[in-house]
Amino acid sequence: MNVFEINSAVAQIKEKAEAGEIEPKALADTLESLEDARNEKLDSVANWINEDESKIDWLDKKIKQLTKLKKHYTTQSDNLKSFLKLAIENSGHESIQTNNFKFKLSNPPYSVIVPDPKKIPIDYVKTTETTSVKKAELKKDLKAGKDIPGAYLERKRKVIIE
């Protein structure tokens, strides 16, 4: 019997007892055996829940540990890439070939950096419900050598390892 069937049986036994169809001794023995069986099943479920929650706690700790380890390796990798980039830039070359790898600097497009949009000349400001900077126009004019206060070009170069 499952827990719900046991609960139903207990209810039926109690109805019969109220109707006087069961002797008090038989009633007590029957209810006790049914409730013992039900309680054993409920205890089993509670133990299962405790085991699952223990596993969840262990997994939470493991996730935190692995997240911290991932962050460490990501930071270390980023720092090593920055080192390689500086080393190649400092060499005066765009690429360096070793016995095992070829290191070259990427040539991404320039990005327009606008640290303070309030300093941008009005010609480069687009006004709708909110104001925004016309970065495409800024980029074109900055590349052409025009000096625009409040904006500059920046290239985020990185090392490509082949």
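Residues numbered from 1 in each chain as written. Predicted model: local features only at pLDDT ≥ 70, side-chain atom pairs only at ≥ 80, totals over all residues. Heavy atoms only, no water.

A. Fine view of the packing of aromatic side chains. What the rule picks out here adds up to one aromatic pair. Seen from their ring centres, Phe101 and Phe103 are 5.9 Å apart, and the 45° between their planes marks the pair as tilted. For Phe101, a relative accessible area of 39% corresponds to the partly exposed category. A relative accessible area of 14% means that Phe103 is categorised as buried. Directly above the aromatic system of Tyr110 lies the positively charged group of Arg155, at a separation of 4.3 Å from the ring centroid. (Phe/Tyr/Trp six-rings, centres within 6.5 Å; stacked < 30°, edge-to-face > 60°. Buried < 20%, exposed > 50% of the residue type's maximum accessible area, 1.4 Å probe, protein only. Lys NZ or Arg CZ within 6 Å of the ring centre and 35° of its normal.)

B. Here's a closer look at the side chain of Arg38. Locating Arg38 in the fold gives a position in helix 2 (residues 24-91). One buried charged side chain, Arg38, makes no salt bridge at all; its nearest oppositely charged neighbour is Glu35, positioned 4.3 Å away. Apart from residues no more than four positions distant in its own chain, Arg38 is found in contact with Val3, Ile6 and Asn7. (Helix = DSSP H or I, 4+ residues; strand = E, 2+ residues; numbered from the N terminus. Lys, Arg positive; Asp, Glu negative; His and termini not counted. Salt bridge = Lys/Arg side-chain N within 4 Å of Asp/Glu carboxyl O. Contact = heavy atoms within 4.5 Å.)

C. Up close: the nonpolar core. Ranked by size, the top nonpolar core spans nine residues in total: Val112, Val114, Ile120, Tyr124, Val125, Leu138, Leu142, Ile148 and Ala151. For Leu138, the residues in contact, after removing those within four places along its chain, are Val112, Val114, Ile120, Tyr124, Val133, Ile148 and Ala151. Ile6, Ile13, Leu27 and Leu34 belong to the second largest nonpolar core, which has seven residues in total. (Core = buried A, V, L, I, M, F, W, Y, C linked by side-chain atoms within 4.5 Å.)

D. A look at the pairing of strand 2 (residues 102-105). Residue alternation in strand 2 divides its side chains into a buried set, Phe103 and Leu105, and an unburied set, Lys102 and Lys104. In the sheet, strand 1 (residues 95-97) pairs with strand 2 via three bridges, with the strands oriented antiparallel. By the bridge assignment, Ile96 is partnered in strand 2 with Phe103. Here strand 1 folds back onto strand 2 in antiparallel fashion, the turn holding four residues. (Pairing = 2+ DSSP bridges.)

In short, the description is geometric, and any link to function would need to be established separately.
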